[in-house]
Structure formats: C-alpha cells, structure tokens
Amino acid sequence: MIERPSGEVPTVRHDIAQRIQAFTPTVFAEMSALSAQHGAVNLGQGFPDFAGPAFVREAANRAIDAGHNQYAHPAGLPRLRSAIAAAFSSRTGLDIDFDLHVTVTSGATEAIFDTIMALVDPGDEIICFEPFYDSYPASVTMAGGTMRVVRLEPPGWTFRIDSLRAAVTERTRLILLNTPHNPTGKVFAKDELEGVAETAREHDLIVITDEVYDRITFDGARHISIATLPGMWERTLTINSTGKTFSLTGWKIGYAIGPEWLQHALRSVHQFVTFATATPFQHAMADGLEQASENGYYETLLQEYDARRTVLATHLDAAGLPALPVQGSYFLMTPFDHLGFETDVAVCRWLIEDIGVTPIPPSAFYIDPTTAPKLIRFCFAKERATLDEAGRRLAGTLSRAQGR
Ligand code: PMP
Ligand code: GLN
C-alpha cells in the first residue's frame, strides 16, 4: 500500500462510469469461451474457420516485408479508398470520390460507434430493427441516446411500415438499418427500403446502413443499398467490412461510404478513437478488392457459402432442428420450442455442454430478451469437416432432449 508523507492512505474509487455499468461480456465472447471449455464445435460466434483467400493473405505478408508498417493516412490508404470507391460505384452506379466519400475504420464496429458518437446527442432517439447486432445499443448508450425498435417478425421477418412511422418522434435523429441482416438472414426488399427511405426523407432523418454481408445473398435475393434510392445519398452512411467479404475478420478493416458532411462527422471521432487503421492489412485489402472484380473471387465466395448453407441446413433437418429459410448472411435460425427448454440461453448451454455444438442465443439481440422468439442461431461460415462434425454430434439431439 502506498503511503503519502502525511501518513494518509489514498483510496481509489472502483466504480466505473454510469453509462457502461450495465455492459456485460458480449454473447459472442461468452459462448466462444464456453464452447472452448467444453470442446464443442463452435457454430456460435460468426467467423470463418477457413484460411481466407491466399491472394489477400500473401499481399499482407508482402506489405509487411515492403515496410508498410507505419501509421496510414487517418481516413485510410488512398489506394484502398480508391478500390472501395470503384467497387461500390460498380455495384450501385453512384459516383464516388474516394477522397471525399470513403473512410477506412477498424472494422464495421468502429464505423458504427464513431458515427453514432458523431451524430447523437444525449436524449436523441435512434430507430433500429429488432433483433439487432449487439454493438448498436452499446454505441447508442455510450452516446447518451435511446433506442426505439421496430420488430421484425418470424418466419418472414417482415415489419409494418406503420410501426416504423409510429416510432418517429421529435427526438429521432437516425435510422439504423442492417441488410443482409444478422441474425435473421433477411435481405430487405426494394419496397421495404422505399418505405424506410420515405420515412427518412419525410422526417429529415439520417440512415446508417450496415451492409457487411452484402456479398452473401442466396436464391436470387438481391442486395440493394438504400443510398441508391432517390434523395438518400445525401443522408446515408453505408458501412461495410472487408472482414466478411474476404473471410478475414481478425484484420478488422471496415469502411464507411457517404456524403462529405457525414464523412466529416465520422472522421472527427475516428481520428481520436484509432487515428488510423493497420497499414499492411489496408494494403492487402486494396490488392483484394482490385483483384476480386477480375479473378472471379466473389462468385466463388457465393458458391462456397451456398454449399455450406445447404450442408448445415441438411444436418439440422436430419437432427430434427429444421432452420427457417434465409436470403443472406452466414447464419441459420432454428426453432427450439419442441426441445422443452424455456429460454434460448438454456438450450444453447445444454447444446454446448451435452451435445458438443455451440449456437448463439439471439435473445441478446433484443431490448427485452424475454420477448425473443424461440430460436437459436447457427453460423455456417465453416469448413465442410466442421459442419459434418457438428451434424454427427447433433444427430441425437431430439431423443437426448426428450430423455432429460
Ligand atoms: N455488423 C454486423 C451485422 C455484424 O454481424 C458484424 C460482425 N460480424 C459487424 C457489424 C462487425 O464487423 P467488424 O468485425 O468489421 O467490426
Ligand atoms: N458479428 C459476429 C456475429 O454476429 C461476431 C463478432 C464479434 O464477436 N464481435 O457472430
């Protein structure tokens, strides 16, 4: 113990800031730790267990060896921003100036946090579709804002446009959208996006759209960026993550595309949160984006994900746990009411401990977890062997659940 010359013993306040007192470890960290502890097959936290494309990994090694290891431009390497602008322009037809309209961040998570910190004052309200990715309410809380939610209802994950309109108040600042959607696999249809856009225009709201799974859509579902709808570019920030596009989530290279005034807001926060993002990985992602449009990478990515989805869906069917249909992302949602558990947390724990397969309880994606529908989420961004091992273990689930 340190004693001051006066003999007085200093005390340290152990209480943490009020705004984070309710935070607990994320459901992903919690389930991954439990999974490792029980040697379960981890289909919980969304990350690929395969290596990611060699042409991008090799580019990172080359960038390190070439000495690209000091701080990058705070808004992102011009080379990478240019590649991002080109890829987004070719997909949307929007005319993007990389220097004015693109910022590189440490993952989509950082872009979401920075944007909310930059735009939300204490007391402001944010509208979000429920279920929602767990970093949204945390970011809103840190900014002192309040979340109002519009529910997506299974099995189609539709919403009523009236509910969206009714959620708007004098204090509403922005709408937070996520398409393709985690955890439901919904891809918002054009008329739904038009409804969101109309509400945003009518009430002069900003739209933050999280499109990290934009390259992963199935069965002809078409991903549409809301920024392409009339009157939307100037009020929309489109957030993405090369971690998803190139199956390299640990590199944490995300980005945000939008008009100058929203870039100014985002960059004002970004410069003091991370200042700049890891330089060699930005170089590698620039190579990735430059080459992917020519070497058929996106088509292969999609075919592989489609095959992984079919493998997991087949295993879940065989185990008596058929999943709901999905249009995008790399998750499947499975009803569990016939297994005799009260909550998704209880069934997830039992599956990890007794069956050896790890899902995620999506109640963590609801403001009031007790209102979550009885579903659990499995991730299929995994090697065939991992999915087959999960299938083998899941085979006895129904009889084991009945015999508890
Ligand atoms: N948004 C959604 C919908 C996600 O599922 C994830 C995580 N996988 C993220 C954002 C975070 O992306 P990043 O790892 O680039 O921060
Ligand atoms: N987005 C991933 C998921 O939904 C998890 C990312 C994380 O753990 N932060 O599973």
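Residues numbered from 1 in each chain as written. Chains lettered and ligands numbered in written order. Predicted model: local features only at pLDDT ≥ 70, side-chain atom pairs only at ≥ 80, totals over all residues. Heavy atoms only, no water.

J.: Now, about the overall build of the protein: what can you tell me, with residues and values included?
T.: Across its full length, the protein carries 15 helices and 11 strands. Its C-alpha atoms give the protein a radius of gyration of 22 Å, within 12% of the compact-globule value 22 Å for 404 residues. C-alpha extents for the protein along the principal axes are approximately 70 × 60 × 55 Å. Each of the 404 residues in the protein was classed as buried or not, and the buried ones make up 54%. The long-range share in the protein, meaning contacts at least 24 apart out of those at least 6 apart in sequence, stands at 75%. When the accessible surface of the protein is summed, it comes to about 17,500 Å², and 52% of that surface belongs to carbon and sulfur atoms. Averaging the locations of the 34 positively and 48 negatively charged side chains of the protein gives two centres separated by 2 Å. (Helix = DSSP H or I, 4+ residues; strand = E, 2+ residues; numbered from the N terminus. Rg over C-alpha atoms; globule rule 2.2 N^0.38 Å. Buried < 20%, exposed > 50% of the residue type's maximum accessible area, 1.4 Å probe, protein only. Contact = heavy atoms within 4.5 Å. Areas by Shrake-Rupley, 256 points an atom, 1.4 Å probe, with all protein chains shown as cover. Lys, Arg positive; Asp, Glu negative; His and termini not counted. Charge placed at Lys NZ, Arg CZ, Asp CG, Glu CD.)

J.: Before we move on, could you go through the site of ligand 2 and cite the residues and values that matter?
T.: Ligand 2 sits among Phe28, Gln45, Gly46, Tyr133, Asn182, Lys244, Phe331 and Arg377. Gly46 places a main-chain nitrogen or oxygen 2.6 Å from an oxygen atom of ligand 2. Here an oxygen atom of ligand 2 sits 2.6 Å away from a polar atom, N or O, in the side chain of Arg377. Burial of ligand 2 by the protein chains amounts to 79% of its free accessible area of 300 Å². When the residues that make up the shell around ligand 2 are grouped by side-chain class, the tally is three nonpolar, three polar and two charged. (Near = heavy atom within 4 Å. Polar contact = N/O pair within 3.5 Å; in protein donor to acceptor, adjacent residues only side chain to side chain. Nonpolar A, V, L, I, M, F, W, Y, C, P; charged D, E, K, R; others polar.)

J.: Explain helix 3 (residues 78–92) residue by residue, including any values.
T.: Taking 1.5 Å per residue as the helical rise, helix 3 with its 15 residues ought to reach 21 Å, and the 21 Å between its terminal C-alpha atoms agrees with that figure. Every buried residue of helix 3 is accounted for by Leu80, Arg81, Ala83, Ile84, Ala85, Ala87 and Phe88. Close packing links the buried residues of helix 3 with helix 4 (98–101), strand 2 (102–105), strand 7 (236–241), strand 8 (254–257), helix 10 (260–273) and helix 11 (279–295). Downstream of helix 3 by one or two residues, Gly93 has phi in the positive range, about 80°. (Expected span 1.5 Å × (residues − 1).)

J.: Just give me the short version of the site of ligand 1, but keep the residues and values in it.
T.: Close to ligand 1 lie Gly107, Ala108, Thr109, Tyr133, Asn178, Asn182, Asp210, Val212, Tyr213, Ser241, Lys244 and Lys252, which account for all nearby residues. In the model, an oxygen atom of ligand 1 is placed 2.5 Å from a nitrogen or oxygen of the Thr109 side chain. Between ligand 1 and the protein, one listed contact pairs an oxygen atom with a side-chain N or O atom of Tyr213 at 2.6 Å. No other element matches the three residues that helix 5 (residues 107–119) contributes to the shell around ligand 1. Across the shell around ligand 1, the residue classes break down as four nonpolar, five polar and three charged.

J.: Residues and numbers for the pattern of salt bridges, please.
T.: Tallied over the entire structure, the rule returns 22 salt bridges. Taking the shortest distance from any N to any O, the salt bridge between Arg91 and Asp214 comes out at 3.6 Å. Placement of the pair is Arg91 in helix 3 and Asp214 in the loop between strand 6 (206–210) and strand 7, with a sequence separation of 123 residues. Note that Glu198 and Arg165 form a salt bridge whose closest N and O atoms lie 3.5 Å from each other. With Glu198 in helix 8 (residues 190–202) and Arg165 in helix 7 (residues 161–167), the pair connects residues that are 33 residues apart, well separated along the chain. Owing to a relative accessible area of 37%, Glu198 belongs among the partly exposed residues under this scheme. Three or more residues joined by partner-sharing salt bridges are found here, namely Arg62, Arg79, Asp287 and Glu290. (Salt bridge = Lys/Arg side-chain N within 4 Å of Asp/Glu carboxyl O.)

J.: Describe the state of the cysteines, and please don't skip the residues or the numbers.
T.: Throughout the structure, instances matching the rule amount to zero disulfides. Cys379 provides the cysteine sulfur closest to Cys348, a residue in no disulfide bond, and the two sulfurs are 13 Å apart. You can call Cys348 buried: its relative accessible area is 0%. (Disulfide = S-S within 2.5 Å.)

J.: How would you explain the packing of aromatic side chains if you had to name every residue and give the values?
T.: Summed over the entire model, instances satisfying the criterion amount to 19 aromatic pairs. Where Phe28 meets Phe365, the ring centres are 6.0 Å apart and the plane angle is 75°; that geometry is what we call edge-to-face. With Phe28 in helix 1 (residues 27–37) and Phe365 in the loop between strand 10 (357–358) and strand 11 (375–379), the pair connects residues that are 337 residues apart, well separated along the chain. With respect to burial, Phe28 and Phe365 carry one shared label: buried. Seen in terms of ring centroids, Phe341 and Trp350 are 5.2 Å apart; in terms of plane orientation they differ by 40°. Their pairing is tilted. No difference in accessibility class separates Phe341 from Trp350, as the two residues are buried. Stacked on the ring of Phe188, the Lys or Arg Lys186 has its end atom at 4.8 Å from the ring centre. One Lys or Arg, Arg215, reaches over the ring of Tyr298 and ends 3.6 Å from the middle of that ring. (Phe/Tyr/Trp six-rings, centres within 6.5 Å; stacked < 30°, edge-to-face > 60°. Lys NZ or Arg CZ within 6 Å of the ring centre and 35° of its normal.)

None of the figures reported here should be taken as evidence of function without further support.
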